[in-house]
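Residue-level listing of the chains:
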Amino acid sequence: MNALLMHWKRMPLYVRILIALLIGSVIGYILNNVGKPDWVVYLELPSKTILRMLSMLAPPLVLVAVIQALVKTEIPAGLARRLGGLLLLNTVVAILIGLFVANVLRPGAGANLEKPAPKATLASKEADPDKKLILETMETAGYKAPEPKKDVFAAFIDNVPKSIGSPLNENNVIGVIILALMFGVALRKHKDTAVKTVVDVIDVAFATLVSVLMGVLQWVPLGVGGVVATIVADKGLAPLLSLGWFILAVIVALILQAVWYLTRIQFSSWASPKLVLIGCRDALVMAFSTASSTATMPVTYQCLREKVGLRERSASLGALVGSNFNNDGTALYEAVAALFVAQLLGIKLTLMAQVVVVLTSIVASVGAAGIPEAGLVTMALVFNAVGLDTGFIALIFSVDWFLDRCRTAINVMGDINIACILDGRKRENKSEEQPV
Ligand code: ASP
């Protein structure tokens, strides 16, 4: 048993997620055919807990990531506005491409899940009208009905902190202990780190949050298995098959975004798209394999500088500022995911709601740190803004490990694009090392 557990832990996360997806589908399929037992609702417990923890981590992660980016990046005064304009344009184009592709391909339309009926948990079972009448009559006669017992499921979830401050605010001791355990374990790794400057404090805060996030992500396979089993038991295989369409829609949209970048490079930079693609292939492959644009940053810089031959300042601004603020692949992904889930549920997002998706996706992409799965954490912001059930993010968990790699490559390509445009139409004259 111990050996099996060790073997499981040694497997890469995506392999564990795939195995969980398979096991969850088989269990769900069997339950769908033999009849769904009552206990099936409990299979959602891990995914609900993980989602609650991710929602708890989203605001502090966004806060610290943005503060860290602002404190650490040096942008020459004259360039700030131009850079801001370029970043915003690319992000808006990405989200529009995402919305366009999701509206045309309609990846979630086939599943027809419709709005979920209220969950059949013990807590939400409607009282039978006859019993209600008897209880009312007894109450007028002075009888006090006992408080309905809380479902174990709901009671457990209630203890998982909604936000970092909520357990303290609500005097919830179990919540406080959960927080203390998560952050205590994460901080142990940094206990010997010397903290001398404000930047050190921010770095330790960020590293601790990332450690907590990585700890939560280790449980994703359990969440995926449970949520897939519940959905398949309830609705059959259709929602799972829709995930194939979702992957396709995201990839088509990411490819269109890459075409946009290359076209911009063609017309606004001396470097040709071919030179850029060949020169930066190491960075793109590294982005795909690590799913982290921050981890890829040094390689991006090196490729831009040494293989493409951009000026020092354009390469460093593109790579450094870009990897902090420029996450177009993530923005596009958030938009497609929101529309996908709305389509799954048969909800029509009005134009106004889609504008809200655009605005929140911009914020979510800026706040998404350049680390694996950060986009999944900030997705809750977009879903909440348009009133979509964040529970469906759990369904997206099962394919996120792959789509994360694809969008990270596009995030890095966005940084490369900014660097090439900043470098202008004239190649650096090696004899005069001139600033941009
Ligand atoms: N993994 C992405 C990146 O590093 C962020 C995301 O999850 O969308 O750029």
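Residues numbered from 1 in each chain as written. Predicted model: local features only at pLDDT ≥ 70, side-chain atom pairs only at ≥ 80, totals over all residues. Heavy atoms only, no water.

1. A few points about the site of the ligand
The ligand sits among 15 residues. The nearest are S293, T330, G375, D404 and R407. G370 is positioned such that a nitrogen or oxygen atom in its backbone is 3.3 Å from an oxygen atom of the ligand. D404 is positioned with one of its side-chain polar atoms (N or O) 2.8 Å from a nitrogen atom of the ligand. Against a free-state accessible area of 270 Å², the protein chains account for coverage of 100% of the ligand. Looking at the shell around the ligand, the elements that each hand over two or more residues are α18 (374-385) and α19 (393-422). It is α19 that provides the largest number of residues to the shell around the ligand, a total of four residues. Of the residues belonging to the shell around the ligand, the class tally is five nonpolar, seven polar and three charged. (Near = heavy atom within 4 Å. Polar contact = N/O pair within 3.5 Å; in protein donor to acceptor, adjacent residues only side chain to side chain. Areas by Shrake-Rupley, 256 points an atom, 1.4 Å probe, with all protein chains shown as cover. Helix = DSSP H or I, 4+ residues; strand = E, 2+ residues; numbered from the N terminus. Nonpolar A, V, L, I, M, F, W, Y, C, P; charged D, E, K, R; others polar.)

2. Points about unusual backbone geometry
Even without a glycine there, the phi angle at R106 is positive, about 45°. Turning to its location among the elements, R106 is positioned in the loop between α4 (77-105) and α5 (129-140). By relative accessible area, which is 43% here, R106 ends up partly exposed. We note that A291 has phi near 55°; this positive angle belongs to a residue other than glycine. Along the polypeptide, A291 turns up in the loop between α13 (281-290) and α14 (293-308). (Buried < 20%, exposed > 50% of the residue type's maximum accessible area, 1.4 Å probe, protein only.)

3. Focus: the side chain of S361
With respect to the helices, strands and loops of the structure, S361 is situated in helix α17 (residues 351-367). According to the relative accessible area criterion, S361 is buried, its value standing at 0%. In this structure, S361 is in contact with I95, A331, E334, A335 and V382, ignoring residues within four places of it in sequence. (Contact = heavy atoms within 4.5 Å.)

4. Focus: the packing of aromatic side chains
Overall, the coordinates contain five aromatic pairs when judged by the stated rule. Note on F288 and F402: the rings are 6.3 Å apart at their centroids and 80° apart in plane angle, and the pair reads as edge-to-face. Taken as a pair, F288 in helix α13 and F402 in helix α19 lie far apart in primary sequence, 114 residues in all. Residue classification places F288 among the partly exposed positions, given a relative accessible area of 35%. (Phe/Tyr/Trp six-rings, centres within 6.5 Å; stacked < 30°, edge-to-face > 60°.)

That is the geometry; function is a separate question.
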